[in-house]
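If you want the building blocks of each chain, they are given just below.
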Amino acid sequence: MIGTIMFVFAVLCVPLFLGRIGPNPIFGYVTSFARKSPSNWYHMNRFASCLFIPFFGSLAIAEVFLDDKALVWILLIGAPLLFGICLLEEWRQKFKQKRLEKKQNKAKTKTQKQKQKQKQA
């Protein structure tokens with residue numbers, strides 16, 4: 001029973017991996033960062049689905065070899081770990097975007113200063 005549910009979850013992750021599901025408040029990796037821009041949404045959903053498709057798929061296969069109690073324990077331990085990895089990736093992307101914005105602002109102020117010097121000269 002649990003294996004069937006895990007198989008359904010794995011299948012539901014495929015459109016997220018393929019980028020077929022646009023930003024929405026219900027389905028996918030829904031956080032304020034992911035919903036901030038379409039590029040964030042598609043990146044984070046692809047990243048999360050790359051983790052969850054193999055996880056759910058392997059649990060579906062493991063149902064043949066393990067009892068339901070073991071599968072529940074794997075799910076209770078594995079799913080939060082994968083969500084934690086997704087949150088780390090989200091934090092990394094936020095840091096990367098802030099660093100890029102700083103570089104762009106620095107370059108912008110530098111060109112503005114150069115234009116002011118040219119006007120004064």
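None of the values given here were measured: they were computed from a predicted structure.

1. Things to note about the overall build of the chain
Point 1. Scanning the chain for helices and strands turns up 4 helices and 0 strands.
Point 2. Put simply, the chain runs from its N terminus to its C terminus through helices and strands in the order α-α-α-α.
Point 3. Relative to its length of 121 residues, the chain is extended, with a C-alpha radius of gyration of 21 Å against a globular reference of 14 Å.
Point 4. Expressed as lengths along the three principal axes of its C-alpha atoms, the size of the chain is roughly 80 × 25 × 20 Å.
Point 5. Per-residue burial for the chain yields a buried fraction of 26% across its 121 residues.

2. Digging into the confidence of the model for the chain
Point 1. Averaged over all residues, the pLDDT of the chain equals 92, while 99% of them reach at least 70.
Point 2. Within the chain, no element has a lower average pLDDT than helix α4 (residues 68–120), which sits at 92, and none a higher one than helix α3 (residues 38–62), at 95.

3. A short note on α4
Point 1. Here α4 is 53 residues long and its end C-alpha atoms lie 77 Å apart, about the 78 Å a rise of 1.5 Å per residue gives.
Point 2. Among the residues making up α4, those that are buried are L71, G78, A79, L82, C86, E89, E90 and Q93.
Point 3. If you follow the buried residues of α4, they end up packed against α1 (2–18), α2 (32–36) and α3.

4. Things to note about the nonpolar core
Point 1. One finds M6, Y29, F52, F55 and F56 to be the most contacted residues of the largest nonpolar core, which totals 20 residues.
Point 2. Sorting elements by how many residues they give to this core places α3 first, with 9 residues.
Point 3. Those residues within four positions of Y29 in sequence are excluded, and the remaining contacts are A34, W41, M44, N45, A48, C86, L87 and E90.

5. Notes on the packing of α1 against α3
Point 1. Running from amino to carboxyl end, α1 crosses α3 at an angle of 155°, the nearest separation of the two axes being 8 Å. Between α1 and α3, the angle falls in the class roughly antiparallel. Crossing of α1 over α3 shows left-handed handedness. Residues G3, M6, F7, F9, A10, C13, V14, L16, F17 and L18 of α1 touch α3, and the partners they reach there are N45, R46, S49, C50, F52, I53, F56, G57, L59 and A60.
Point 2. In the contact of α1 with α3, the residues fall into 15 nonpolar, 4 polar and 1 charged.

6. Section: the environment of N40
Point 1. Within the secondary structure, N40 is located in helix α3.
Point 2. Residue contacts for N40: discarding those within four places in its chain leaves F33, A34 and Q97.
Point 3. Polar contacts involving the side chain of N40 include one to the main-chain carbonyl oxygen of F33, which spans 3.2 Å.

The rules behind each value
- Residue positions are given per chain, counting from 1 as you read along its sequence in written order.
- Only residues with pLDDT of 70 or above have their local features reported here, since the model is predicted, and side-chain atom pairs are shown and tallied only from 80 upward, although totals for entire chains, interfaces and linings are computed over all residues.
- Computation of side-chain values covers all heavy atoms of the structure but excludes hydrogens and water.
- Helix and strand assignments follow DSSP, with helices taken as H or I runs no shorter than four residues and strands as E runs no shorter than two, numbered in order from the N terminus.
- Atoms considered for the radius of gyration are the C-alpha atoms alone. The globule rule reads 2.2 Å times the number of residues to the power 0.38.
- Three labels apply to residues, based on accessible area from a 1.4 Å probe with only protein chains included: buried if under 20% of the type maximum, exposed if over 50%, partly exposed otherwise in between.
- Residue-level confidence of the predictor is summarised by pLDDT, bounded by 0 at the bottom and 100 at the top.
- Expected helix span is given by 1.5 Å per residue-to-residue step, counting one fewer step than there are residues.
- By definition in these notes, contact holds between two residues if any of their heavy atoms fall within 4.5 Å.
- Note on terminology: a nonpolar core comprises buried Ala, Val, Leu, Ile, Met, Phe, Trp, Tyr and Cys residues joined through side-chain atoms within 4.5 Å.
- Every angle, taken between N-to-C directions, lies between 0 and 180 degrees, and every axis is a line fitted to C-alpha atoms, over only the stretch in contact when it is a helix.
- Oblique is the label for any angle not covered by the other classes, which are roughly parallel (under 35 degrees), roughly antiparallel (over 145) and roughly perpendicular (65 to 115).
- Left-handed describes a crossing in which the near helix is turned anticlockwise from the far one by less than a right angle; the clockwise case is right-handed.
- Basically, the charged four are Asp, Glu, Lys and Arg, the nonpolar ten are Ala, Val, Leu, Ile, Met, Phe, Trp, Tyr, Cys and Pro, and anything else, Gly included, counts as polar.
- Pairs of N or O atoms within 3.5 Å make up the polar contacts considered here, provided that, within protein, one atom can donate a hydrogen while the other can accept it, and that residues adjacent in sequence are counted only when both atoms are side-chain atoms.

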